[in-house]
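# Structure assessment
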Amino acid sequence: MATNGIDQFLRTQAQSAASFSSTRAVLERELYWSRTSTEIEVYKCSDARVKGSRYLKTPLGVLTPRRTIGGKFEMWWPDLQKEIEMWRQRAAKKFRHRCLSLFSYHFSRGDEHRGCAGFDCQTNDAIAYTTALLEDFKRIYQQSTMFGVMVGFETDLEAMVLHGESGEVLDLAEVEITSVSRLEWMIRRLFPSMDEESVRDFVPRVQANIEHIQEVRELERPIEALGHQEHMLLVGRGYEYMHDPNALIVSPHTPDLAVPIASAGGVILNNINQGLVIPAKTPIVVVTSAPYFEPIGPEPELARQKSLGLCRFAYRVLEERVPELVRNYPVSTLAVTIDMTTWRLNIHDRVDR
Ligand SMILES: [Zn+2]
């Protein structure tokens with residue numbers, strides 16, 4: 001019998017929710033926030049291999065991820081502008097004075113075909129796009145408490161590549177484990193206009209990535225595990241728990257959400273056509289999610305309606321734009337909301353196909 005894709009998804013989520021609310025995780029977050037006053041957000045591709053908290057070794061739920069196919073954000077998107085503003089306000093309320101925004105692209109050092117599907121694996125195009133996006137961000141926020149940095153996420157070694165303000169590139173896979181003062185010197189040289197507080201809070205993340213690269217090297221994990229086998233399309237927000245490399249996550253920031261949903265559907269169909277995904281073994285699943293931060297008041301119901309609406313919308317987009325996928329293969333759907341204080345899921349609609 002085929003594995004049920006939705007049950008599988010729910011199992012993974014329940015495990016993550018349990019670790020998120022474990023005493024250990026709560027203490028880790030408290031310790032993290034006692035040492036830093038900088039909120040970090042990460043603009044990235046929908047490709048779930050790009051997992052900020054693993055690369056930067058942060059406790060679950062402290063980074064704010066923003067995802068779209070290829071990381072092709074545009075700063076004019078009204079929903080994105082609203083999200084950034086709300087995020088800044090939440091940070092200010094918690095006395096976190098600085099906001100660091102990492103604008104990322106991703107690639108593989110071993111094989112360009114393991115690069116970003118959103119840019120047809122053309123890393124130079126991804127870099128050019130991200131450079132222009134960061135420029136737009138800087139024009140808006142240069143007089144504020146926000147600081148933007150461009151980084152590459154290299155998925156073979158899970159290494160960060162830092163792009164300095166004057167174009168200098170530093171691959172952390174080529175940096176030895178070194179002292180904090182040495183790293184501070186390196187960061188100041190790369191980002192001369194970064195404020196002292198952000199430098200102080202960014203350096204531990206850089207150091208953590210250098211350690212992480214070392215751990216990945218020691219693992220010697222099989223390279224096959226790193227290719228494209230995406231068969232899950234996750235639309236909406238609140239997927240911080242998801243670390244399955246076979247999930248494509250689309251945040252609803254763009255005013256034309258049909259575009260990234262159709263692209264993600266196309267990536268999954270392409271994986272099936274190439275034999276990388278066999279639907280009978282790895283079922284195709286579409287999940288929609290909306291988070292809420294205040295369990296009392298209008299937020300949970302707003303989230304419920306958003307998730308249900310997104311679910312109908314996403315399925316319709318696939319029917320219209322990627323008909324070969326939904327007609328030829330069973331695509332199950334699930335609409336959920338998530339309480340961001342506990343990561344507990346509420347299921348509002350489920351269709352197993
Ligand atoms: Zn990508």
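Here the structure is a predicted model, which means the values were calculated and not measured.

### Digging into the environment of N270
- Following the sequence through the fold, N270 ends up in helix α8 (residues 258-273).
- C-alpha separation for the pair N270 and M160, spaced 110 residues apart in sequence, amounts to 28 Å.

### As for the domain arrangement of the protein chain
- Splitting the protein chain by domain gives domain 1 (37-224) and domain 2 (228-351).
- Computed over C-alpha atoms only, the centres of domain 1 and domain 2 are separated by 24 Å.
- With 20 residues of domain 1 in contact, the opposing surface of domain 2 contributes 19 residues.
- For the side of domain 1 that touches domain 2, the secondary-structure elements that each account for two or more residues are β2 (64-68) and α4 (78-93).
- Counted by class, the side of domain 1 that touches domain 2 contains nine nonpolar, three polar and eight charged residues.

### A look at helix α5 (residues 123-141)
- Relative to the 27 Å expected for 19 residues at 1.5 Å per residue, α5 spans 27 Å between its end C-alpha atoms, a close match to the ideal helical length.
- Of all the positions in α5, only A126, Y129, T130, L133, L134 and F137 are classed as buried. For α5, the angular spread of the buried residues around the axis is 135°, confining them to a single face. Exposed and facing more than 90 degrees away from the buried side of α5 are N124, A132 and R139.
- Among the structural elements, β3 (98-107) and β4 (146-154) are those in contact with the buried residues of α5.

### Section: the pairing of strand β8 (residues 247-250)
- Side-chain alternation along β8 places A247 and I249 on one buried face and L248 and V250 on a second face that is also buried.
- Bridge count between strand β7 (residues 232-236) and β8: four bridges; the pairing is parallel. Bridging across to β8, M232 finds its partner in A247.

### Section: the pairing of strand β11 (residues 344-351)
- Examined bridge by bridge, strand β10 (residues 331-339) and β11 share seven bridges and lie antiparallel to one another. Bridged to I338 within β11 is L345.
- Taking the residues that link successive antiparallel strands as the turn, the β10-β11 hairpin has four residues, and the phi of W343 there is positive, at about 65°.

Criteria and thresholds
Residues numbered from 1 in each chain as written. Predicted model: local features only at pLDDT ≥ 70, side-chain atom pairs only at ≥ 80, totals over all residues. Helix = DSSP H or I, 4+ residues; strand = E, 2+ residues; numbered from the N terminus. Domains from an automatic or database assignment. Contact = placed C-beta atoms within 7 Å. Nonpolar A, V, L, I, M, F, W, Y, C, P; charged D, E, K, R; others polar. Expected span 1.5 Å × (residues − 1). Buried ≥ 20, exposed ≤ 12 C-beta atoms within 10 Å, placed from the backbone. Arc of directions from axis to C-beta. Pairing = 2+ DSSP bridges.

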